[in-house]
Amino acid sequence: MLPLVALVGRPNVGKSTLFNALTRTRDALVHDEPGVTRDRHYGVCRPEGQRPFAVVDTGGIAGIDEGLAGATARQARAAAEEADLVLFVVDGREGASALDDEILAWLRKTARPTLLVVNKTDGLDVRAAINDFARYGIRDAIGVSSAHRQGIDELLAEVFARLPEEGVTAELDNDPNRIRVAFIGRPNVGKSTLVNRLLGEERMIASEVPGTTRDSVAVDMERDGRLYRLVDTAGVRRKSKVEEAVEKFSIIKTLQAIENCQVAVVMLDAGEGVTDQDASVLGYALDSGRALVVAVNKWDGQTEYQRQQTENLLMRKLAFVEWAEKIRISAKHGSGLRELFAAIHRAHASATTEIGTSEVTKAMEVAYETNPPPVVRGHVAKLRFAHPAGLNPPTFVVHGTRLRTLADSYKRYLENFFRKRFKLVGTPVRFVFKDST
Ligand code: GDP
Ligand code: GDP
């Protein structure tokens, strides 16, 4: 299970700055691509060598008593009420205010484990800034400067000390013979229909994985002689009335499903094209680095003309995940499923097959010699050697000099070169550039 940390505080204390400091990857090649919608309220913090956790920024949770308008606010508040840890963010420059008091009163009611985060302590006496909030009686307090990334590592250490233990799911996720697949997408695209069809066809061999909690249902299945584990398949259970009405954790559940899978199948509704919500689900999948297949569902309900229109739209709107296969399916009629599973396999193989160091270095040399980087303001970057540094997603470290001057277009060239050479489809590819000067 992906633990959940909620940022709570009045407006302007720096929650979204802190949210960015926690969730934005500093990886040079992961940049905002046009077409991806970055959700400003939900993200995943992936500290190096540590367990990831979900972060929700509850926005201005102030004025709770007047009844906050908007589903987003309610959803965020509901998330905070169930969070494994609440970071109560306050402003170290302004000190305690009446609004902070109100939020504190609400927090006490929720009784969630709480860490007081005194932000904007840059240039301040941190001890004194924290002492200003002593009357809140929160013993666990830490001073940070989100804007300057000061104290963030210390904050992370405090967070990890308070998150629940990993639990059994981690072991369940380690069967090397099974491909872990998550079917994700906004409500109504047809996830349950698909999963129920898959399991209906395979009723004899499908079985729920023991030890998974009510929140994360994993089901094992076999198809054409291959083994799969469908993770977090909400569709396996009949949706309860409450769940349908509220859907309050759909985003957290999506993040969780992505975290637990190797291949994320993002489902779209052919009749609706690519909505903002679809784009943000794709954004989450992209950030995670998981292999990705796009399933365009309800293809049955389309006329020939509409299909052509949809194809054009997909090509345009999904340009940022050009490398992902788009498969047309009908969950209702079961068509396209063979192609879908073939694409899942290709994506999984691309994402998890080891490539040798010498092959990687050779590829880099050929790419470099064929097309060396252009001179930028009198300087030119030199690529010296490269080696593989991880899988799912395939990651390559490139060493050289003046790599900081490498243009995005050159990085894209390298990526495409590697993709072609190693036949990488359906998976993101990451490069880490290490300057040796
Ligand atoms: P939110 O409304 O709580 O999400 O607050 P924001 O993240 O939007 O920040 C509000 C203002 O505080 C912005 O102008 C930020 O630049 C500023 N701010 C945020 N964090 C810091 C910090 O650590 N130090 C200083 N000096 N300013 C900060
Ligand atoms: P979920 O919320 O993503 O799990 O979506 P559901 O599986 O509940 O499906 C939402 C609606 O779309 C239901 O009325 C389904 O019958 C319908 N639906 C699902 N798949 C298809 C399909 O392939 N073709 C058509 N025409 N309708 C579908």
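Residues numbered from 1 in each chain as written. Chains lettered and ligands numbered in written order. Predicted model: local features only at pLDDT ≥ 70, side-chain atom pairs only at ≥ 80, totals over all residues. Heavy atoms only, no water.

Caption draft 1: Up close: the site of ligand 1. Taken together, 15 residues lie around ligand 1, and Asn12, Lys15, Ser16, Thr17 and Asp122 are the ones closest in. Lys120 places a side-chain nitrogen or oxygen 3.0 Å from an oxygen atom of ligand 1. Separating an oxygen atom of ligand 1 from a side-chain N or O atom of Ser145 is a distance of 3.1 Å. Burial of ligand 1 by the protein chains amounts to 69% of its free accessible area of 570 Å². Taken together, the residues of the shell around ligand 1 break down into 3 nonpolar, 7 polar and 5 charged. (Near = heavy atom within 4 Å. Polar contact = N/O pair within 3.5 Å; in protein donor to acceptor, adjacent residues only side chain to side chain. Areas by Shrake-Rupley, 256 points an atom, 1.4 Å probe, with all protein chains shown as cover. Nonpolar A, V, L, I, M, F, W, Y, C, P; charged D, E, K, R; others polar.)

Caption draft 2: Focus on the sheet that holds strand 6 (residues 141-143). Taken in spatial order, the 6 strands make up an open sheet running 2-3-1-4-5-6, and their pairing is mixed. Looking at the sheet topology across the chains shown, the edges are occupied by strand 2 (42-45) and strand 6. Averaged over neighbouring strand pairs, the angle between their axes works out to 25° when direction is ignored. The sheet contact formed by strand 5 (residues 114-119) and strand 6 spans 3 bridges and is parallel. Across the sheet, the residue bridging to Leu116 is Ala141, located in strand 6. Helix 9 (residues 250-260) contacts strand 1 (4-8), strand 2 and strand 3 (53-57) of the sheet and is inclined by roughly 35° relative to strand 2. (Pairing = 2+ DSSP bridges. Helix = DSSP H or I, 4+ residues; strand = E, 2+ residues; numbered from the N terminus. Axes fitted to C-alpha atoms, helices over the stretch in contact; angles between N-to-C directions. Contact = heavy atoms within 4.5 Å.)

Caption draft 3: Representation of the site of ligand 2. Lining the immediate environment of ligand 2, one finds 15 residues, of which Asn188, Lys191, Ser192, Thr193 and Asp300 sit closest. Within the backbone of Val189, a nitrogen or oxygen atom sits 3.3 Å from an oxygen atom of ligand 2. Here an oxygen atom of ligand 2 and a backbone polar atom of Lys332 are 3.1 Å apart. Tallying contributions element by element places helix 7 (residues 191-201) first for the shell around ligand 2, with 3 residues. Within the shell around ligand 2, the residues separate by chemical class into 3 nonpolar, 6 polar and 6 charged.

Caption draft 4: Spatial organisation of the side chain of Gln256. Looking at the element boundaries, Gln256 is found in helix 9. A polar atom in the side chain of Gln256 sits 3.0 Å from the backbone oxygen of Leu2.

Caption draft 5: Here's a closer look at the environment of Gly426. Within the secondary structure, Gly426 sits in the loop between helix 14 (408-422) and strand 16 (430-435). Among residues more than four places away in sequence, those in contact with Gly426 are Ala291, Leu292, Trp323, Ala324 and Ala347.

Caption draft 6: Broad picture of the pattern of salt bridges. Scanning the entire structure with this criterion turns up 20 salt bridges. Note that Asp220 and Arg229 form a salt bridge whose closest N and O atoms lie 2.6 Å from each other. The exposure class of Asp220 is buried, given its relative accessible area of 10%. Here Arg229 falls in the buried class, since its relative accessible area comes to 8%. Here Arg328 makes a salt bridge to Glu311, at a shortest N to O gap of 2.5 Å. Taken together, the positions of Arg328 in strand 13 (residues 325-328) and Glu311 in helix 11 (residues 304-317) put the pair 17 residues apart, joining distant regions of the chain. Beyond isolated ion pairs, a larger network of salt bridges with shared partners links Arg10, Glu94 and Asp100. (Salt bridge = Lys/Arg side-chain N within 4 Å of Asp/Glu carboxyl O. Buried < 20%, exposed > 50% of the residue type's maximum accessible area, 1.4 Å probe, protein only.)

Caption draft 7: Broad picture of helix 13 (residues 357-370). Along its 14 residues, helix 13 runs 20 Å from first to last C-alpha, staying within 8% of the 20 Å computed at 1.5 Å per residue. Among all positions in helix 13, only Val360, Thr361, Ala363, Met364, Ala367 and Tyr368 are buried. End-on, the buried residues of helix 13 take up no more than an arc of 155°, which puts them together on one face. Set apart from the buried face of helix 13 by more than 90 degrees, the exposed residues are Ser358, Glu369 and Thr370. Contact partners of the buried residues in helix 13: strand 14 (382-390), strand 15 (395-401) and helix 14. (Expected span 1.5 Å × (residues − 1). Arc of directions from axis to C-beta.)

Caption draft 8: Inspection of the environment of Val181 at higher detail. Within the fold, Val181 resides in strand 7 (residues 179-184). Spatially, the C-alpha atoms of Val181 and Ile258 are 8.7 Å apart, while their sequence positions differ by 77 residues. Excluding its chain neighbours within four sequence positions, the residues that come into contact with Val181 are Tyr228, Arg229, Leu230, Val231, Cys261, Val263, Val265 and Ile344.

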